[in-house]
Amino acid sequence: MELSLGVLAAGSGARGDVLVHAAPGTTLGDIAGLLRAAVLPEPAIGALSVHGIPVSESTPLGQPPLVEGTLLEVGAVPRPPSLPGLAEVRVIGGPDAGAVHQLAPGAVVIGRAGAIRVDDPGASREHCRLTLTHGAATVDDLGSTNGTYVDDTRIDGPTALPYGGLLRIGSSTVQLVRAA
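Quick summary incoming for the structure in this document. (Residues numbered from 1 in each chain as written. Predicted model: local features only at pLDDT ≥ 70, side-chain atom pairs only at ≥ 80, totals over all residues. Heavy atoms only, no water.)

Once that is clear, we can look at the overall build of the protein. A tally of regular secondary structure across the protein gives 1 helix and 16 strands. Whereas a compact globule of 180 residues would reach a radius of gyration of roughly 16 Å, the protein reaches 16 Å, a difference of no more than 12%. Taken along the three principal axes of its C-alpha coordinates, the protein extends 50 × 35 × 30 Å. Among the 180 residues that make up the protein, the fraction classed as buried is 46%. (Helix = DSSP H or I, 4+ residues; strand = E, 2+ residues; numbered from the N terminus. Rg over C-alpha atoms; globule rule 2.2 N^0.38 Å. Buried < 20%, exposed > 50% of the residue type's maximum accessible area, 1.4 Å probe, protein only.)

In structure tokens form, the structure reads like this:
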């Protein structure tokens, strides 16, 4: 497996990109030292997190949140708790990796000019609409050039997006999660 990951040192702001060539079953713990060394001097130490949420070193590469283009932070301060019951869209891969958008029930457009802005040349200005109710979420492509994918399947009409599901827009991957 080949995976490109971004690494950010929270204290210094140093940033690096790491191209990982790994066998199936490789975990974050197997490459944690390599990732830390990309942005920190020896001895490179610090917890790894995504969006301020610590990632277990037993997490396998290629599984959320460790997907193509993910931005890992070294030594980040944990983010403040979200409002209970709200959903979040987390950009876990692509040019805006690391962005988090809290959502209230209703409809929101995702795209280069959407309410949830994805600065991705492969995304249309108004790429798709995400509709969130208190019990479910659906996504609908808005005639985008490159299509909208839910869990690697191109959609052609309103499609359920489960919590934890992955939404691909251009080269960006976003994940719908229930705020803790």
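Right, picking up where we left off after that structure.
The next thing to look at is the sheet that holds strand S5 (residues 71-74). Spatial ordering of the open sheet is given by S2-S1-S5-S3-S4, a layout of 5 strands whose pairing is mixed. The sheet is open, and its two edges are formed by strand S2 (15-21) and strand S4 (53-54), each paired on a single side. Judged from the 7 bridges that link them, strand S1 (residues 2-9) and S2 form a sheet pairing that is antiparallel. Looking across to S2, one finds that Leu 8 is bridged to Arg 15. (Pairing = 2+ DSSP bridges.)

What follows covers unusual backbone geometry. Here the residue pair Pro 64 and Pro 65 is connected by a cis peptide bond, since its omega of 5 degrees sits within 30 degrees of zero. Relative to the helices and strands, Pro 65 resides in the loop between S4 and S5. Backbone geometry at Asp 151 places phi at a positive 50 degrees, although glycine is not the residue there. The residue Asp 151 is located in the loop between strand S12 (148-150) and strand S13 (153-154) in this model. Overall, Asp 151 belongs to the partly exposed group, its relative accessible area being 40%.

Taken together, the buried positions of helix H1 (residues 28-37) are occupied by Leu 28, Ile 31, Ala 32, Leu 35 and Arg 36. Seen end-on, H1 carries its buried residues on one side only, within an arc spanning 150 degrees. In this fold, the buried residues of H1 make contact with S1, S2, strand S3 (48-50) and S5. (Arc of directions from axis to C-beta. Contact = heavy atoms within 4.5 Å.)

Attention now goes to the nonpolar core. Ranked by internal contacts, the top residues of the largest apolar core, which has 21 residues, are Val 89, Leu 103, Ile 110, Leu 130, Val 139, Leu 167 and Leu 176. When contributions to this core are tallied by element, the ones reaching two or more residues are strand S6 (87-93), strand S8 (106-111), strand S10 (128-132), strand S11 (137-141), strand S15 (166-169) and strand S16 (172-178). Sequence-distant contacts of Leu 167, defined by excluding residues within four places in its chain, comprise Ile 110, Cys 128, Val 139, Thr 148, Tyr 149, Val 150, Leu 161, Ser 172, Thr 173 and Val 174. Counting 19 residues, the second largest nonpolar core, distinct from the first, contains Ala 9, Val 39, Val 50 and Leu 66. (Core = buried A, V, L, I, M, F, W, Y, C linked by side-chain atoms within 4.5 Å.)

Before going further, it helps to spend a moment on the side chain of Ser 49. By the secondary structure assignment, Ser 49 is in strand S3. In this view, Ser 49 contacts Pro 54, Val 55, Leu 71, Leu 72, Glu 73 and Ala 76; residues no more than four positions away in its chain are not counted.

Turning our attention to the pattern of salt bridges. Evaluation of the coordinates by the stated rule reveals 2 salt bridges. Residue Arg 36 is joined to Glu 57 by a salt bridge in which the shortest nitrogen-to-oxygen separation is 3.0 Å. Of the two residues, Arg 36 is situated in helix H1 and Glu 57 in the loop between S4 and S5; the sequence distance between them amounts to 21 residues. What makes Arg 36 buried here is its relative accessible area of 12%. Assessed through its relative accessible area of 39%, Glu 57 is described here as partly exposed. (Salt bridge = Lys/Arg side-chain N within 4 Å of Asp/Glu carboxyl O.)

This next bit is on the pairing of S6. Burial analysis of S6 places 7 of its 7 residues in the buried class, which makes it a mostly covered element. Between the end of S6 and the start of strand S7 (residues 100-103), which pair antiparallel, lie 6 residues, with Gly 94 showing a positive phi angle near 105 degrees. Direction of pairing for S6 relative to S16: antiparallel, over a ladder of 6 bridges. Bridged to Arg 90 within S16 is Gln 175.

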